[in-house]
Amino acid sequence: PTVGMDIFGSRKLAQQKGIEVEFWRDPERVGWLTKQGEFIKTWRRRWFVLKSGKLFWFKDDHVTSTSQPRGVIEVNLCLSIKGAEEVLNKANAFEISTGEETMYFLADTEREKEDWINAVGRAIVRHSTSIMSEDLKDYTT
């Protein structure tokens, strides 16, 4: 698989060894966003769920324990999230980047865009730090 599928794609979900995220229970943030496809650059409206350092997306907003995510982004692999109106020439646009790959999103309003940027930005900081702390513990024991 390509780097994009590992970081941004749904295959990563299946590769998580024993780590299950209950995305349907008490998510940190949910909402509709329009996402640009990775390979065919069409725009599709998806329901997004941020939970436990992962940003999942679904075809509809009825998310249960049996729902199958259309994809997932591992937040700890992301370097930045920022506005992208100038890049895309579209209102309420933002991007999430790993340094090697960038995904583009459109929110319905400026407020929604800012709220997503803040929520994912906090998750990037929180999950990057926790992973470094865990690695540090492993090396010292």
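That block above? That's the structure.
I will try to describe carefully the structure that is included in this document.

Cut-off values and rules
Residues numbered from 1 in each chain as written. Predicted model: local features only at pLDDT ≥ 70, side-chain atom pairs only at ≥ 80, totals over all residues. Heavy atoms only, no water. Helix = DSSP H or I, 4+ residues; strand = E, 2+ residues; numbered from the N terminus. Contact = heavy atoms within 4.5 Å. Areas by Shrake-Rupley, 256 points an atom, 1.4 Å probe, with all protein chains shown as cover. Buried < 20%, exposed > 50% of the residue type's maximum accessible area, 1.4 Å probe, protein only. Pairing = 2+ DSSP bridges. Polar contact = N/O pair within 3.5 Å; in protein donor to acceptor, adjacent residues only side chain to side chain. Salt bridge = Lys/Arg side-chain N within 4 Å of Asp/Glu carboxyl O.

1. With respect to the overall build of the protein chain
For step 1, the next point in the chain: Check the secondary structure of the protein chain and you find four helices and seven strands.
For step 2, the next point in the chain: In the protein chain, the share of contacts with a sequence separation of at least 24, taken over all contacts with a separation of at least 6, comes to 48%.
For step 3, the next point in the chain: Split by element, the accessible area of the protein chain, about 8300 Å² in all, is 50% carbon and sulfur.

2. Observations concerning the environment of Arg25
For step 1, the next point in the chain: As for its placement among the helices and strands, Arg25 is situated in the loop between helix H2 (11-15) and strand E1 (29-36).
For step 2, the next point in the chain: In this structure, the C-alpha to C-alpha distance between Arg25 and Val63, residues 38 residues apart in sequence, is 9.2 Å.

3. Remarks on the pairing of strand E3 (residues 54-58)
For step 1, the next point in the chain: Here E3 lies mainly inside the structure; five of its five residues are buried.
For step 2, the next point in the chain: Judged by which residues are buried, E3 turns out to be covered on both faces: Lys54, Phe56 and Phe58 on one side and Leu55 and Trp57 on the other are all buried.
For step 3, the next point in the chain: Between strand E2 (residues 43-51) and E3, which pair antiparallel and follow one another directly, the connecting turn spans two residues, one of which, Ser52, has a positive phi of 50°.
For step 4, the next point in the chain: The sheet contact formed by E3 and strand E4 (residues 71-74) spans four bridges and is antiparallel. Counted as the bridge partner of Phe56 is Val72 from E4.

4. Let's talk about unusual backbone geometry
For step 1, the next point in the chain: With a phi close to 45°, Asp26 is a non-glycine residue in the positive phi region.
For step 2, the next point in the chain: In this structure, Asp26 sits in the loop between H2 and E1.
For step 3, the next point in the chain: Asp26 gets classed as exposed once you look at its relative accessible area, which sits at 66%.
For step 4, the next point in the chain: Positive phi is not limited to glycine here, since Asn89 has a value of about 55°.
For step 5, the next point in the chain: By the secondary structure assignment, Asn89 is in the loop between helix H3 (85-88) and strand E6 (93-97).

5. Quick word on the environment of Ser128
For step 1, the next point in the chain: Mapped onto the secondary structure, Ser128 falls in helix H4 (residues 110-140).
For step 2, the next point in the chain: In sequence terms Ser128 and Val75 are 53 residues apart; their C-alpha atoms lie 8.1 Å from each other.
For step 3, the next point in the chain: Apart from the residues lying within four places of it in its own chain, the contact partners of Ser128 are Asn76 and Ala123.
For step 4, the next point in the chain: A distance of 2.7 Å separates the side chain of Ser128 from the backbone oxygen of Ile124, its partner in a polar contact.

6. Structural notes on the pattern of salt bridges
For step 1, the next point in the chain: Scanning all chains against the criterion turns up ten salt bridges.
For step 2, the next point in the chain: Here Glu112 makes a salt bridge to Arg29, at a shortest N to O gap of 3.4 Å. On the criterion of sequence distance, the pair formed by Glu112 in helix H4 and Arg29 in strand E1 is long-range, its members being 83 residues apart.
For step 3, the next point in the chain: The exposure class of Arg29 is buried, given its relative accessible area of 16%.
For step 4, the next point in the chain: One salt bridge in this structure joins Glu85 and Lys113, with 2.6 Å as the shortest N-O distance. You can see Glu85 sitting in helix H3 and its partner Lys113 sitting in helix H4, a full 28 residues away along the chain.
For step 5, the next point in the chain: Several salt bridges share partner residues, and in doing so they unite Glu85, Glu110, Lys113 and Glu114 into one network.

This is a description of form; function is not addressed.
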